Amino acid sequence: MLCQNCQQRAANVHFTQIKNNSKVDIYLCEKCAQEMSQAEFVAPFGFNDLINGLFGSQIKQEIPVDLKCSNCGMEYGEFLETSRVGCAQCYKAFGPKLDPIIKRLHGNAEHRGKVPTRVSSNLNIPKEIEKLKKLLSESIQREEYEEAAKIRDRIRSLEVSE
Amino acid sequence: MSGLQVEKGPEYDIAVTSRVRLARNFADLPFSAKMSAKHQDELVKRMKEIISSNLDYGKLMYADITSMHNIDRISLMERHLISPDLAESKGNSGAFVNETENVSIMVNEEDHIRLQALFSGVQLEKAYKVCDEIDTFISDKADYAFDDKYGYLTSCPTNLGTAMRASVMLHLPALVMTGYIKSILESCNKVGVTVRGIYGENSEAVGDMFQVSNQISLGRNEEETIASIDGICKQIIDREKALRFQLYKQDVYRFEDKIFRSLGLLLNARIISTQECFKLLSDVRLGVSMGIIKDIDIGILNEILVLSQPATLQKIAGKQLREDERDIKRAEQIRAKIQNTEVK
């Protein structure tokens, strides 16, 4: 059998292609097959999981990244596979890659709400105090004195630990 | 039995339970993906020390999942006290559960700890208050992994921020019958609220039970999140109630017939599968809620919802049962439960 493409060399490669739900068999010589495989027969790339896709889209677009968390040893690629970080420091270590993902998940948002009483070292205390002082004056304006007292105590405890 | 089956919260006939869950990790330990057996042991030890010093929730008992039989694990899951992941956990993990079975603190789950409180009816605020108190208690004793921009740091970035999931389980037969549930699912999605069917595969909800919960945890504080879920649930409940009476008025006999047939089956059947049980329970629940069926308490139906699940049934039987044996045992248990309340 001759190659269906060049009609010159003997066909020794058999391709089966599914196109519009029907099966097409193509017989080609090695040379033509090589040329066609680069042009046409590119395997489709699919993600089945939304989250996976969200994280994974970076693999496709960019050269493999070699970010690694020096604290727990997790590599960024490992995170992409499982979508679980290895420790608290991973968020800093993977920051450049992870920040845009978090934006896509939660919108352009910063944490609002409860803050643990014993804040861990990575909390920016001066910034927190500033934020609380703003809240304090707001609650005084609204005459919510009970709330204001709570905020005042919180500011004091932060100032002590600073 | 579980506390939620005794207590009755606002709208308890439609809102089966309200649940708040907080995910927390300690700053000094690696997260679950990188934890060694030694880390896991240390975390369990630390939590035991912290909880044993807590007098307010002193009745919290530690259930060691590691040493537990498979049926007991799944039964805890069926009673909503532990997550499916924890039930399958191979490492050193467990949960502190209180006496009334409405508070649990899971240890070595996807996050170091996941604490949750469960109440009957629409009571997210109350559930949060309990979680908040326990959380504050724990955070006084050890440093949490926290970042001022991302809030509480969690294993999975989807839970960052408050790391809180607030959810209400709703029984919505009229919305399902009329097909309006679809538009509710869609409009909720637009405002960052997830509604999904439970007790069923994929989107199909067996027994017309749905879970409404927040999608986003970063950028909204706890009170705002709870207020939005609360508000949405109340709207859905109002819609459901209006539709129920519309359907009833349309064809009283057909409506009552459906409900009493289902009650008849629950009372008389000798073999009932889980799926059939949930369908029948849904009809009967609707009947009780609308006052068509009297003398049956919603609490009994909640109990049946839990005990008719495979592992809990086997726990009651005290032995492993094949599927066909379970279907017989289930029918037996349901009859006993309902007949105790003397239906006329």
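All values derive from a computational prediction rather than experimental measurement.

(A) Summary view of the overall build of chain B. Helix and strand content of chain B: twelve helices and ten strands. In terms of overall dimensions, chain B is globule-like: its C-alpha atoms have a radius of gyration of 21 Å, near the 20 Å expected for 344 residues. For chain B, the spread of C-alpha atoms along the principal axes amounts to about 65 × 45 × 35 Å. Here chain B holds 344 residues, and 59% of them are scored as buried. For chain B, restricting intrachain contacts to residue pairs at least 6 apart in sequence, the fraction spanning at least 24 positions comes to 70%. Accessible area of chain B: about 14,600 Å², with a carbon and sulfur share of 50%. Seen as two clouds, the 44 positive and the 50 negative side-chain charges of chain B have centres 3 Å apart.

(B) Representation of the packing of helix α9 (residues 274-289) of chain B against helix α10 (residues 298-307) of chain B. All names here are of chain B. Taken N-terminus to C-terminus, the directions of α9 and α10 make an angle of 170°; their axes are 10 Å apart at the nearest point. Here α9 is positioned roughly antiparallel relative to α10, judged by the angle of their axes. Both α9 and α10 take part in a crossing whose hand is left-handed. Across the interface between the two elements, Cys277, Phe278, Leu281, Val284, Arg285, Val288 and Ser289 of α9 pack against Ile298, Leu301, Asn302, Ile304 and Leu305 of α10. Grouping the amino acids of the contact of α9 with α10 by side-chain chemistry returns nine nonpolar, two polar and one charged.

(C) Highlighting the interface of chain A and chain B. Tallying the contact residues gives 37 residues for chain A and 43 residues for chain B. For the pair chain A and chain B, the summed buried surface comes to about 3,400 Å²; carbon and sulfur atoms form 55% of the total. Connecting chain A to chain B are six salt bridges. The salt bridge involving A:Lys114 is made with B:Asp132; its shortest N-O contact spans 2.5 Å. Linking chain A with chain B are 17 residue pairs in polar contact (both at pLDDT 80 or more). Taken together, the elements giving at least two residues each to the side of chain A that touches chain B come down to α2 (50-61), α3 (76-82), α4 (90-93), α5 (95-106) and α6 (125-141) of chain A. Here the element with the most residues in the side of chain A that touches chain B is α5(A); it accounts for five residues. Of the residues in the side of chain A that touches chain B, the class split is 17 nonpolar, ten polar and ten charged.

The rules behind each value
- Residues numbered from 1 in each chain as written.
- Chains lettered and ligands numbered in written order.
- Predicted model: local features only at pLDDT ≥ 70, side-chain atom pairs only at ≥ 80, totals over all residues.
- Heavy atoms only, no water.
- Helix = DSSP H or I, 4+ residues; strand = E, 2+ residues; numbered from the N terminus.
- Rg over C-alpha atoms; globule rule 2.2 N^0.38 Å.
- Buried < 20%, exposed > 50% of the residue type's maximum accessible area, 1.4 Å probe, protein only.
- Contact = heavy atoms within 4.5 Å.
- Areas by Shrake-Rupley, 256 points an atom, 1.4 Å probe, with all protein chains shown as cover.
- Lys, Arg positive; Asp, Glu negative; His and termini not counted.
- Charge placed at Lys NZ, Arg CZ, Asp CG, Glu CD.
- Axes fitted to C-alpha atoms, helices over the stretch in contact; angles between N-to-C directions.
- Parallel < 35°, antiparallel > 145°, perpendicular 65-115°, else oblique.
- Left-handed = near helix turned anticlockwise from the far one by under 90°.
- Nonpolar A, V, L, I, M, F, W, Y, C, P; charged D, E, K, R; others polar.
- Buried area = accessible area lost by both parts, 1.4 Å probe.
- Salt bridge = Lys/Arg side-chain N within 4 Å of Asp/Glu carboxyl O.
- Polar contact = N/O pair within 3.5 Å; in protein donor to acceptor, adjacent residues only side chain to side chain.

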